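In case you want the letters, here they are:
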Amino acid sequence: MSEYKLGDVMMPRDVIAGRVKELAAEIANDFDKQELLVVGILTGASIFLTDLVREMPEDMDVRMDFMSVSSYMQSTQSSGVVRILHDIKTSIEGKNVLVVEDIIDSGLTLAYLLKLLSSRKPKSLKTCVLLDKPSRRKTEVKVEYKGFEVPDEFVVGYGLDYAGMWRHLKDIRKVNVVEV
Ligand code: PRP
């Protein structure tokens, strides 16, 4: 039987906070005073998104919405099957949309969502991802704003989970699989 135990810190909270600030400044600069709808993909992106928008300038017209999709089905491997469990409430036609994800792995989730959202005719559609595991990619996806490239290790915290656990950790930590 395998047991999952919290391991070393991969990304400390102050390093995450610093990069989130930089990303927010870059996004604010690119969109200037235009309205921006930030779409978070639940549940993993929720913590990153709420930190990210609070680093954006107060006079920027930032809106928020969320989508819930299911792709991993309680395992650590991507099944490639994306199911929309909850759609955004906002009409995105003619709007600047920024999709925010905690992690891009195979790219299948983001590829599917971008195709779906672009069919709704937004003015612009960009992506912002905190962690990128490029070695795991199965399909090409354009990521305009990227926090960190990371190796293919099992990580949790700052929104990322194992079977629903450990999302609330302030640092991003490795998970050790121990045979018992
Ligand atoms: C994670 C992550 C992305 C997706 C990335 O979500 O938040 O949505 O997997 O993987 P991919 O690039 O291989 O498609 P998960 O299904 O674990 O749900 P969660 O956000 O609720 O943790």
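Residues numbered from 1 in each chain as written. Predicted model: local features only at pLDDT ≥ 70, side-chain atom pairs only at ≥ 80, totals over all residues. Heavy atoms only, no water.

A separate point is the overall build of the chain. What the chain contains, in helices and strands, is three helices and nine strands. When the elements of the chain are put in sequence order from the N terminus, they spell out β-α-β-α-β-β-β-α-β-β-β-β. The globule rule puts the C-alpha radius of gyration for 180 residues at 16 Å, and the 16 Å found for the chain is close to it. For the chain, the spread of C-alpha atoms along the three principal axes comes to 55 × 35 × 25 Å. In the chain, which comprises 180 residues, the proportion classed as buried is 43%. Taking the intrachain contacts of the chain between residues at least 6 apart in sequence as the baseline, contacts between residues at least 24 apart amount to 70%. Accessible surface computed for the chain: about 9400 Å², of which carbon and sulfur atoms make up 48%. (Helix = DSSP H or I, 4+ residues; strand = E, 2+ residues; numbered from the N terminus. Rg over C-alpha atoms; globule rule 2.2 N^0.38 Å. Buried < 20%, exposed > 50% of the residue type's maximum accessible area, 1.4 Å probe, protein only. Contact = heavy atoms within 4.5 Å. Areas by Shrake-Rupley, 256 points an atom, 1.4 Å probe, with all protein chains shown as cover.)

In this section: unusual backbone geometry. With an omega of 0°, the peptide bond between Leu42 and Thr43 qualifies as cis. Despite not being glycine, Asp32 shows a phi value in the positive range, around 50°. By the secondary structure assignment, Asp32 is in the loop between α1 (13-31) and β2 (36-42). Positive phi, normally seen in glycine, also occurs at Ala163, with a value near 50°. Considering the arrangement of structural elements, one finds Ala163 in the loop between β8 (155-156) and β9 (172-179). You can call Ala163 partly exposed: its relative accessible area is 43%.

Here we come to the nonpolar core. Core analysis: the biggest nonpolar cluster contains 31 residues, and Ile27, Phe48, Leu52, Val100, Cys128, Leu131 and Ile172 have the highest contact counts within it. Within the residue set of this core, elements represented by two or more residues are β1 (2-11), α1, β2, α2 (46-54), β5 (96-104), β6 (124-132) and β7 (145-149). The element contributing the most residues to this core is α1, with seven residues. If you look at the next biggest cluster of nonpolar residues, it comprises 18 residues, including Val39, Leu110, Val141 and Val143. (Core = buried A, V, L, I, M, F, W, Y, C linked by side-chain atoms within 4.5 Å.)

The subject of this paragraph is the sheet that holds β2. Judged by pairing direction, the sheet is mixed, and its six strands sit side by side in the order β4-β3-β2-β5-β6-β7 without closing on themselves. At either margin of the open sheet sits one strand with a lone partner, and together these are β4 (83-86) and β7. The mean inter-strand angle of the sheet, taken between neighbouring strand axes irrespective of direction, is 30°. The sheet contact formed by β2 and strand β3 (residues 62-70) spans seven bridges and is parallel. Pairing of Leu36 across the sheet is with Val62, part of β3. Of the strands in this sheet, β2, β5, β6 and β7 touch α1, which is tilted by about 160° from β7. Packed onto the sheet, α2 meets β2, β3, β5 and β6 and runs at close to 155° relative to β2. (Pairing = 2+ DSSP bridges. Axes fitted to C-alpha atoms, helices over the stretch in contact; angles between N-to-C directions.)

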